[in-house]
Amino acid sequence: MGSTISNWGPITWTRAQAPKTQSGAAYEQIRADIISGRLKPGTKLLSERVKAQYGVGSSPLREALSHLTASGLVRAEDQKGFRVVEVSLGELIDVARLRLRLEIQAIEDSVRQGDLDWEVEVVSCFHRLQHAVAGASRDNDRDYATEWEDSHRAFHFAIMGACGSPWLKHFCDRLYDQTERYRRIFVKYQKIPSDLLREHKQMMELALARNIDGVCDLMRSHIIYAAELTERDMRAAGVMDADRFPTGIRQLVLPEMTDPQVRSHDR
């Protein structure tokens, strides 16, 4: 059945439950601050400052930073502690290329194998996405970026949820972390346009109809267009390696992909 949990590989790819240890809590808090851009690329993670900021001791902090290093969000410097990983257009291209392979594979397997529980989860996550878009459309002081990103991630993972491979889920989770980080650092969040929600609704409908080719084609377009928008803003910000990649991310990531229908919305 599509909802069966396998007993191998990493199985944690959602964060619905609160961490049970100090190191786990520190990991989640620092991870969230790196992905959201509150901890900027290249920031030196000075031990005493970080311990005070997150209310954690030395041993749990070291464990959390080690896990963040393994996740690709922090790098260890010989005898110098830890630093938030810098950003580059080259990495964005690499991440987009891998998402187009691994995430599409996960969707193919999930749509083929998904059961009734999977269908219910996909519909539920789309409903939450609708709610996030409605909240983003209201004129208030709330920072809606986190709510939007959390519901957007949940929807993507719901569609992939019945793929049956904990390892595939794990790698998709890591790649999505990087995609979200780049988007939140460089892309300005504005009112979420209605056609973006319509596209996700179409993804849901294609998935539930078991139209594997249709949902995969739409997701490819979704991923590549989102990467293009991030690339645009990275170049405008003067990211250091932009001059190494003059042809544009679409041609570099998937040269054989034809241009999709022109759309006006942002991811």
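This one's a predicted model, so the numbers in the text were calculated from it and none came from an experiment.

Conventions we followed
- Residues numbered from 1 in each chain as written.
- Predicted model: local features only at pLDDT ≥ 70, side-chain atom pairs only at ≥ 80, totals over all residues.
- Heavy atoms only, no water.
- Helix = DSSP H or I, 4+ residues; strand = E, 2+ residues; numbered from the N terminus.
- Buried < 20%, exposed > 50% of the residue type's maximum accessible area, 1.4 Å probe, protein only.
- Contact = heavy atoms within 4.5 Å.
- Core = buried A, V, L, I, M, F, W, Y, C linked by side-chain atoms within 4.5 Å.
- Pairing = 2+ DSSP bridges.
- Expected span 1.5 Å × (residues − 1).
- Bend = angle between axes of the 7 residues up to and from the residue.
- pLDDT = per-residue confidence, 0-100.
- Phe/Tyr/Trp six-rings, centres within 6.5 Å; stacked < 30°, edge-to-face > 60°.
- 1 Å grid on protein atoms, 1.4 Å probe; cavity = no way out; pocket = protein on both sides within 12 Å on 5 of 7 lines; lining within 4 Å.
- Points joined across faces, edges and corners; volume = space filled by probe spheres on them.
- Nonpolar A, V, L, I, M, F, W, Y, C, P; charged D, E, K, R; others polar.

Asker: With reference to specific residues and values, describe unusual backbone geometry.
Answerer: One non-glycine residue, Arg210, lies in positive phi territory at about 60°. When you line up the elements, Arg210 lands in the loop between α8 (194–208) and α9 (212–237). Residue Arg210 is classed as partly exposed on the basis of its relative accessible area of 31%.

Asker: Could you give me a rundown of the side chain of Arg184, with the residues and numbers involved?
Answerer: Mapping Arg184 onto the fold places it in helix α7 (residues 166–186). Its relative accessible area of 13% is what places Arg184 among the buried residues. Discounting chain neighbours no more than four positions away, the residues touching Arg184 are Ile35, Ser36, Ala145, Thr146, Glu149 and Tyr189.

Asker: Give me the nonpolar core: which residues, what numbers.
Answerer: If you look at the biggest cluster of nonpolar residues, it comprises 52 residues, and the most contacted ones within it are Leu89, Ile107, Trp148, Phe155 and Val215. Mapped by element, the contributors of at least two residues to this core are α4 (89–113), α5 (116–137), α6 (145–160), α7, α8, α9 and α10 (249–253). The next biggest cluster of nonpolar side chains, apart from the first, holds 18 residues, and it includes Ile34, Leu45, Val56 and Val74.

Asker: Kindly report on the environment of Val111, identifying the contributing residues and their values.
Answerer: Assignment of secondary structure puts Val111 in helix α4. The exposure class of Val111 is buried, given its relative accessible area of 1%. Separated by 99 residues in sequence, Val111 and Arg210 have C-alpha atoms that sit 5.8 Å apart. In contact with Val111, other than residues within four places in its own chain, are Trp118, Ala207, Arg210, Asn211, Ile212 and Val215.

Asker: Describe the sheet that holds strand β1 (residues 44–45), and please don't skip the residues or the numbers.
Answerer: Hydrogen bonding along the main chain pairs the strands of a sheet, whether they run parallel or antiparallel. With antiparallel pairing, the three strands of this open sheet are ordered in space as β1-β3-β2. Edge positions in the sheet fall to β1 and β2 (74–77), since each of these pairs with one other strand and no more. Sheet topology places β2 next to strand β3 (residues 81–84); four bridges connect them, and they run antiparallel. The partner of Val74 across the bridge, within β3, is Val84.

Asker: Outline α4, supporting the account with residue identities and numerical values.
Answerer: Look at α4: 36 Å from first C-alpha to last across 25 residues, which is about the 36 Å you get at 1.5 Å a residue. Along α4, the largest kink reaches about 30° and is centred on Arg99.

Asker: Quick rundown of the confidence of the model for the protein? Include the residues and the values.
Answerer: Summing up the model confidence of the protein, the mean pLDDT is 86 and the portion of residues at 70 or higher is 84%. Of all secondary-structure elements in the protein, the lowest mean pLDDT belongs to α10, at 80, while α4 reaches the highest, 96. Long-range and interchain partners of residues 258–267, a stretch whose pLDDT sits below 50, account for 27 contacts in this model, where long-range means more than four residues apart.

Asker: So what about the packing of aromatic side chains? Which residues, and what values?
Answerer: Working definition: an aromatic ring pair is given by the centre-to-centre distance plus the angle between the planes. For the coordinates displayed, the defined rule picks out four aromatic pairs. Ring centres of Phe157 and Tyr176 lie 5.5 Å apart, and the angle between their planes is 70°; this geometry places the pair in the edge-to-face category. Taken together, the residues span a long stretch of sequence, with Phe157 in helix α6 and Tyr176 in helix α7 at a distance of 19 residues. Here Phe157 and Tyr176 have matching classes, each one buried.

Asker: For the environment of Leu208, give the residues involved together with the corresponding values.
Answerer: Mapped onto the elements, Leu208 comes out in helix α8. With relative accessibility at 27%, the residue Leu208 sits in the partly exposed group. Beyond its immediate sequence surroundings of up to four residues, Leu208 is in contact with Trp118, Glu119, Val122 and Val123.

Asker: Lay out empty space enclosed by the protein with the relevant residues and their values.
Answerer: Counted according to the given criterion, the structure contains two cavities of 30 Å³ or more. Considered as a void within the structure, the largest cavity measures approximately 70 Å³ in volume. Around the largest cavity, the lining residues are Leu92, Val95, Ala96, Arg99, Thr179, Arg183, Ile223, Ala226, Ala227 and Thr230. Counting only elements with at least two residues in the lining of the largest cavity, the list comes to α4, α7 and α9. In the lining of the largest cavity, the residues fall into six nonpolar, two polar and two charged. For the second largest cavity, the calculated volume is near 40 Å³. Lining the second largest cavity we find Arg99, His152, His156, Tyr176, Thr179, Arg183, His222, Ile223 and Ala226.

Asker: How would you summarise the pairing of β3 if you had to cite specific residues and measurements?
Answerer: Taken together, the two bridges between β1 and β3 define a ladder with antiparallel strand orientation. What sits directly across from Leu45, in β3, is Phe82. Where β2 folds back onto β3 in an antiparallel hairpin, the turn is made up of three residues, including Gln79, whose phi is positive at roughly 60°.

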